Amino acid sequence: MAEKKIFLEDIDQRLLFGYQNTHLRMIESEFPIEITARGDWVYLKGSDDEVEAVDKVLNDISDHLKATGELTDRYIHYAITMVKENGTGPNEQILDVEPLVISLTTHQTIKPRTIGQNEYVQAIEKNDLVFSIGPAGTGKTYLAVAMAVMAFKQKSVNRIILTRPAVEAGESLGFLPGDIRAKVDPYLRPLYDALHDMIEAEKIKRLIELGQIEIAPLAFMRGRTLNSSFVILDEAQNTSYNQMKMFLTRLGMGSKAVVTGDITQIDLEDKSKSSLPKVGRIVSNIKGVSFVKLTRKDVVRHRLVQQIIHAYEKYEKHKK
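Quick notes on the rules
Residues numbered from 1 in each chain as written. Predicted model: local features only at pLDDT ≥ 70, side-chain atom pairs only at ≥ 80, totals over all residues. Heavy atoms only, no water. Helix = DSSP H or I, 4+ residues; strand = E, 2+ residues; numbered from the N terminus. Expected span 1.5 Å × (residues − 1). Buried < 20%, exposed > 50% of the residue type's maximum accessible area, 1.4 Å probe, protein only. Patch = residues over 30% accessible without salt bridge, like charges linked within 9 Å, V, L, I, M, F, W, Y side chains within 5 Å. Areas by Shrake-Rupley, 256 points an atom, 1.4 Å probe, with all protein chains shown as cover. Salt bridge = Lys/Arg side-chain N within 4 Å of Asp/Glu carboxyl O. Lys, Arg positive; Asp, Glu negative; His and termini not counted. Charge placed at Lys NZ, Arg CZ, Asp CG, Glu CD. Pairing = 2+ DSSP bridges. Axes fitted to C-alpha atoms, helices over the stretch in contact; angles between N-to-C directions. Contact = heavy atoms within 4.5 Å. Phe/Tyr/Trp six-rings, centres within 6.5 Å; stacked < 30°, edge-to-face > 60°. Lys NZ or Arg CZ within 6 Å of the ring centre and 35° of its normal. Core = buried A, V, L, I, M, F, W, Y, C linked by side-chain atoms within 4.5 Å.

### A short note on helix H7 (residues 140-153)
Then comes step 1: An ideal rise of 1.5 Å per residue puts 20 Å on 14 residues; H7 measures up with 20 Å between its terminal C-alpha atoms.
Then comes step 2: Along H7, 12 of the 14 residues are buried, which leaves the element largely enclosed by surrounding structure.
Then comes step 3: Within H7, the full set of buried residues consists of Lys140, Thr141, Leu143, Ala144, Val145, Ala146, Met147, Ala148, Val149, Met150, Ala151 and Phe152.
Then comes step 4: Phi for lysine 155, located one or two positions after H7, is positive at around 65°.

Rendered as structure tokens:
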């Protein structure tokens, strides 16, 4: 058994330890170790490896708290996962890479919250075509929309175009009344939701009327050339080979495109026809094209989402 005594300098122990030491209990539940807090000191008792691992977790969450002024359960779970899987904390891997702040207004900014998200945002900044592949909750669509809004406000592009294939997620919506927009809006609602977090509703309506924001099914892209636009293709796992080829060849001068998708949630009847698993073999060697793979470690929704994704991964691996 090993023991270690850690001195905590210039930090609010109440925020670090959590209410009634709930943060320390979270760490203890993940490592077979005893943690005791006494004032400015924390005492660790366990095996050499476990003591070293928990020391890294505590150092990382302390650095995070000092840098941001906050510490959430989600970040603690993220730090624990990173140490368990990589032997290092999130901050250790990102020290030499400043997170790119997405400035939407003087009062509204969005920051990547994980290493994978930071890599994703940096890729969008540096490349004209980015593919982001990963599970639900990793911020694929949200961060792409934020980058599009920032580019539009900085006048780097003249239009934002958001598109999705109109494929039902294993359900039949039946007959939808109304005009074409009323019929396709249910498929596009997540894109509206992301936009509404970043732009006032009335302004979105006005920009749509002016044609500066367009939200449309993928089929509406055929035959067009999209110049000076920031184009996002969401749910790309539900595109066929021909649809993906059609979309990628729409890009015009001064445009940027982001393609997002989750290859574990293909809604096509014949899953083998999805273009997303194949597109990397076709275009990954082209300069200006980047592929970013996000994982459950990048999930920023409720902490249970990360665990649910892991449970499904284990089940599907066992089934195979």
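### Some words on a positive patch on the surface
Then comes step 1: A contiguous patch of positive charge on the surface is contributed by Lys153, Lys155, Lys203 and Arg206.
Then comes step 2: As for its placement among the helices and strands, arginine 206 is situated in helix H9 (residues 201-209).
Then comes step 3: Arginine 206 sits in the partly exposed class, given a relative accessible area of 45%.

### Some words on the sheet that holds strand S11 (residues 289-293)
Then comes step 1: The strand order across the open sheet built from six strands is S8-S7-S9-S10-S6-S11, with neighbouring strands paired in parallel fashion. This sheet does not close on itself; its edge strands, each paired only once, are strand S8 (213-217) and S11. In this sheet, neighbouring strand axes are inclined to one another by 15° on average, regardless of whether the strands run parallel or antiparallel.
Then comes step 2: As judged from the five bridges shared by strand S7 (residues 159-164) and S8, these two strands associate in the parallel manner. Following the sheet pairing, leucine 162 is matched in S8 by isoleucine 215.
Then comes step 3: Its contacts with the sheet put H7 on strand S6 (129-133), S7, strand S9 (229-233) and strand S10 (256-261), and the angle it makes with S9 is roughly 170°.

### Side note on the packing of aromatic side chains
Then comes step 1: Under the counting rule described, the total for this entry stands at two aromatic pairs.
Then comes step 2: Both rings, one in phenylalanine 131 and one in phenylalanine 291, keep their centres 4.4 Å apart while their planes meet at 5°; by these two values the pair is stacked. Of this pair, phenylalanine 131 sits in strand S6 while phenylalanine 291 sits in strand S11, and the two are 160 residues apart along the sequence.
Then comes step 3: Over the ring of tryptophan 41 we find lysine 5; its NZ or CZ atom is 4.2 Å from the centre of that ring.

### Quick look at the nonpolar core
Then comes step 1: One finds Ile102, Tyr120, Leu195 and Phe230 to be the most contacted residues of the largest nonpolar core, which totals 37 residues.
Then comes step 2: Contributing elements (two or more residues each) for this core: helix H6 (115-126), H7, S7, helix H8 (180-196), H9, S8 and S9.
Then comes step 3: No other element matches H7, which puts 10 residues into this core.
Then comes step 4: Counting residues in each nonpolar core, the second largest holds 31 residues, with Ile33, Val51, Ile61 and Ile80 among its members.

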